[in-house]
Amino acid sequence: MIKSMTAFARKDVQDNQVTLTCEIRTVNHRYLEPSFRLPDALRELENPFREELRKQLKRGKVDVSIRLQSAESGVSGFEINEDVAHAVNEAANHVNRMLDNPAHINALDILRWPGVLSVPEQDYSSAREAGLSLFKQTVAELTVVREREGERLRPLFDERLAQMKALVATVREGMPGLLKAQEEHIRERFQKARVELDPERVAQEMIMLAQKCDVAEELDRLDAHINEVTDTLKRDEAIGRRLDFLMQELNREANTLSSKSIDAGVTRAAVDLKVLIEQVREQVQNIE
């Protein structure tokens, strides 16, 4: 199963007096790198969230955002610490009596003093349980999206790999005729130079030419790497790094094929191979 590292999933749930919304975005990255934006009430769930991600994902930059919204229209009430409020007021009046131009303190000034006004703490235990369940559901949906996006790339891979195999087969089939044409070219050179044809000299020239343009090993390795890519795409595991390595190996062999070329047709085939390899490599960067 091919899994893309680029995906998005979103889910909502309502629990008693709160509504939770979880959004997860992933993009390609060499390793698994999660980041979280969580409300304070759910901050303690970050470690369980990380554990769940490690179970489901292998690679990718993961941005997790969870929003918590109270279903109540406003704050139910405030708690005022009257003892602290009286103490602040008395301290302010005492200082004012020492000043030439005292400034009167108002109620808002007192309420702003730390410890005077507080909001009753809500019980978010049920919201935390709902948040953990919601996160698991969102990750599961994200996994489905990653698989769906990855499978959309399969036709592209199959098409490019088939074209690579066809190019390798064409070069392989043309090599005997190419060597024969080069042999005739050598004979013509000797004849034009009016040099007596020495069978041993011709044989030496052909041996040197064959060694110079022998690409049998490169063609064999290209075929082997293409087959390995095809097999790797069938694996039910994280295959992105392996595919990236195989793209490097394919490109290396294509470069060697180009450097050994003594024919414009082989050179074009090598260039076409490198174009196809680069097209696949670009997509491989998004594969988990």
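Only a predicted model underlies this, so the values are computations on that prediction, with no experimental measurement involved.

## Some details on the nonpolar core
Next, step 1: Membership of the largest hydrophobic core comes to 31 residues, with the highest contact counts inside it found for Phe157, Met164, Val229, Leu233, Leu250, Leu257 and Leu273.
Next, step 2: Mapped by element, the contributors of at least two residues to this core are helix H5 (154–192), helix H7 (216–232), helix H8 (240–259) and helix H9 (264–284).
Next, step 3: Examining the composition of this core, we find that 8 residues originate from one element, H9, more than from any other.
Next, step 4: Non-local contacts of Leu273, meaning those with residues more than four positions away in its chain, are made with Met164, Leu167, Val168, Leu222, Ala254 and Leu257.
Next, step 5: Counting 21 residues, the second-largest nonpolar core is a separate cluster that includes Ala7, Leu57, Phe135 and Val145.

## Looking at the packing of helix H1 (residues 46–56) against helix H4 (residues 125–151)
Next, step 1: Between H1 and H4, the least distance of the axes is 11 Å, while the angle of their chain directions is 25 degrees. In terms of axis orientation, H1 runs roughly parallel to H4. Taken as a pair, H1 and H4 cross one another with a handedness that is right-handed. For the pair formed by H1 and H4, the contact residues are Pro48, Phe49, Glu52, Leu53 and Gln56 on the first element and Gly131, Leu132, Phe135, Lys136, Val139 and Thr143 on the second.

## As for H8
Next, step 1: In this model, H8 (20 residues) spans 29 Å end to end at C-alpha, consistent with the 28 Å of a helix rising 1.5 Å per residue.
Next, step 2: Residues of H8 that are buried: Gly240, Leu243, Leu246, Met247, Glu249, Leu250, Glu253, Ala254 and Leu257.

## Examining the pattern of salt bridges
Next, step 1: Overall, the coordinates contain 27 salt bridges when judged by the stated rule.
Next, step 2: Lys61 serves as the salt-bridge partner of Glu33, at 3.3 Å between the closest nitrogen and oxygen. One end of the pair, Glu33, is in strand S3 (residues 32–37); the other, Lys61, is in strand S4 (residues 60–70), and 28 residues separate them in sequence.
Next, step 3: Residues joined in a network through salt bridges with shared partners are Arg10, Asp12, Glu23, Arg25 and Arg67.

## Regarding the side chain of Ser4
Next, step 1: Along the chain, Ser4 turns up in the segment before strand S1 (7–15).
Next, step 2: Since its relative accessible area comes to 5%, Ser4 is described here as buried.
Next, step 3: Side-chain polar atoms of Ser4 contact the backbone nitrogen of Thr6, separated by 3.0 Å.
Next, step 4: For Ser4, the contacting residues outside a window of four places in its chain are Arg146, Glu149, Gly150 and Asn286.

Cut-offs and rules
- Residues numbered from 1 in each chain as written.
- Predicted model: local features only at pLDDT ≥ 70, side-chain atom pairs only at ≥ 80, totals over all residues.
- Heavy atoms only, no water.
- Core = buried A, V, L, I, M, F, W, Y, C linked by side-chain atoms within 4.5 Å.
- Buried < 20%, exposed > 50% of the residue type's maximum accessible area, 1.4 Å probe, protein only.
- Helix = DSSP H or I, 4+ residues; strand = E, 2+ residues; numbered from the N terminus.
- Contact = heavy atoms within 4.5 Å.
- Axes fitted to C-alpha atoms, helices over the stretch in contact; angles between N-to-C directions.
- Parallel < 35°, antiparallel > 145°, perpendicular 65-115°, else oblique.
- Left-handed = near helix turned anticlockwise from the far one by under 90°.
- Expected span 1.5 Å × (residues − 1).
- Salt bridge = Lys/Arg side-chain N within 4 Å of Asp/Glu carboxyl O.
- Polar contact = N/O pair within 3.5 Å; in protein donor to acceptor, adjacent residues only side chain to side chain.

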